[in-house]
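Here is how the chains run, residue by residue.
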Amino acid sequence: MKHHCLILSILISLMAASAQAGPENVNWPGDYKSTFIHYFSGDRTANEKQIIRIYANDTAIAGVKADGKLPFGSVLVAELYAVQLDGKEQPVISSLGRKIAKEMSAIVVMQRGQGFDSGYPDHLTTGDWEFAVFNPAGQKLDKDITQCRTCHHPLVDKEFVFSYEHL
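These figures come from a predicted structure and were not determined experimentally.

Student: What is the right way to look at the overall build of the protein chain in this model?
Tutor: Scanning the protein chain for helices and strands turns up 4 helices and 6 strands. Along the chain direction, N to C, the helices and strands of the protein chain fall in the order α-α-β-β-α-β-β-β-β-α. Counting every position in the protein chain, which comprises 167 residues, the buried fraction comes to 41%. At a minimum sequence separation of 6, the contacts of the protein chain that also span at least 24 residues come to 56%. Working note: accessible area of the protein chain is about 9700 Å², and carbon and sulfur atoms make up 57% of it.

Here it is in structure tokens:
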């Protein structure tokens, strides 16, 4: 009987850990364009053929204003746009010196929640931020978010967010 209880306890612990980690914890933020604050637009650092437009919910904005921290419940939404390319497959630059958006290709949502790092190895922890990728219609895509976690992992002093100074 003790053996069965131990196995059951281990299984429950594993299920709880897997329920805490992963993109399934990230929800589509619905009408983010009208309820979140647009705080940054610019070239994307991870892909020279994209521009990014980023929004933050009230929880994130209030946290930064209060103590510089992004508390649990913070949500950031990043619209990714493909840019116009020239005949050499290089971004077209406008007379303003900016890349020109072509169409929205994806939306990445970062959501911070207690325990969201559990189950990930140390080199993929991001201060309890989780990531998910959606298409422009709001349907979650089955994307590997390892690259998101790898890039954001070193940003400890910026709350794991590239655009932190703009908040």
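Here the narrative resumes.
Student: Would you mind going over the confidence of the model for the protein chain with me for this structure?
Tutor: Any segment with low pLDDT has predicted coordinates that should not be analysed in fine detail. Here the protein chain shows a mean pLDDT of 89. Residues at 70 or above account for 87%. pLDDT under 50 marks residues 2–19. Its contacts with residues more than four places away, or in other chains, come to 3 contacts.

Student: Hey, could you run me through the state of the cysteines in this one?
Tutor: Disulfides are covalent bonds that connect the sulfur atoms of two cysteines. Taken as a whole and judged by the stated rule, the model has 0 disulfides. Lacking any disulfide linkage, C148 is separated from the closest cysteine sulfur, that of C151, by 7.7 Å. Residue classification places C151 among the partly exposed positions, given a relative accessible area of 34%.

Student: Just to check I follow, could you spell out the pairing of strand β4 (residues 101–112) for this structure?
Tutor: Pairing geometry for strand β3 (residues 75–83) and β4, over 9 bridges, is antiparallel. Counted as the bridge partner of L76 is M110 from β4. As defined by bridge partners, β4 adjoins strand β5 (residues 129–134) across 6 bridges and the pair is classed as antiparallel. Within β5, the residue paired with Q111 across the bridge is E130.

What counts, and where the lines are drawn
Residues numbered from 1 in each chain as written. Predicted model: local features only at pLDDT ≥ 70, side-chain atom pairs only at ≥ 80, totals over all residues. Heavy atoms only, no water. Helix = DSSP H or I, 4+ residues; strand = E, 2+ residues; numbered from the N terminus. Buried < 20%, exposed > 50% of the residue type's maximum accessible area, 1.4 Å probe, protein only. Contact = heavy atoms within 4.5 Å. Areas by Shrake-Rupley, 256 points an atom, 1.4 Å probe, with all protein chains shown as cover. pLDDT = per-residue confidence, 0-100. Disulfide = S-S within 2.5 Å. Pairing = 2+ DSSP bridges.

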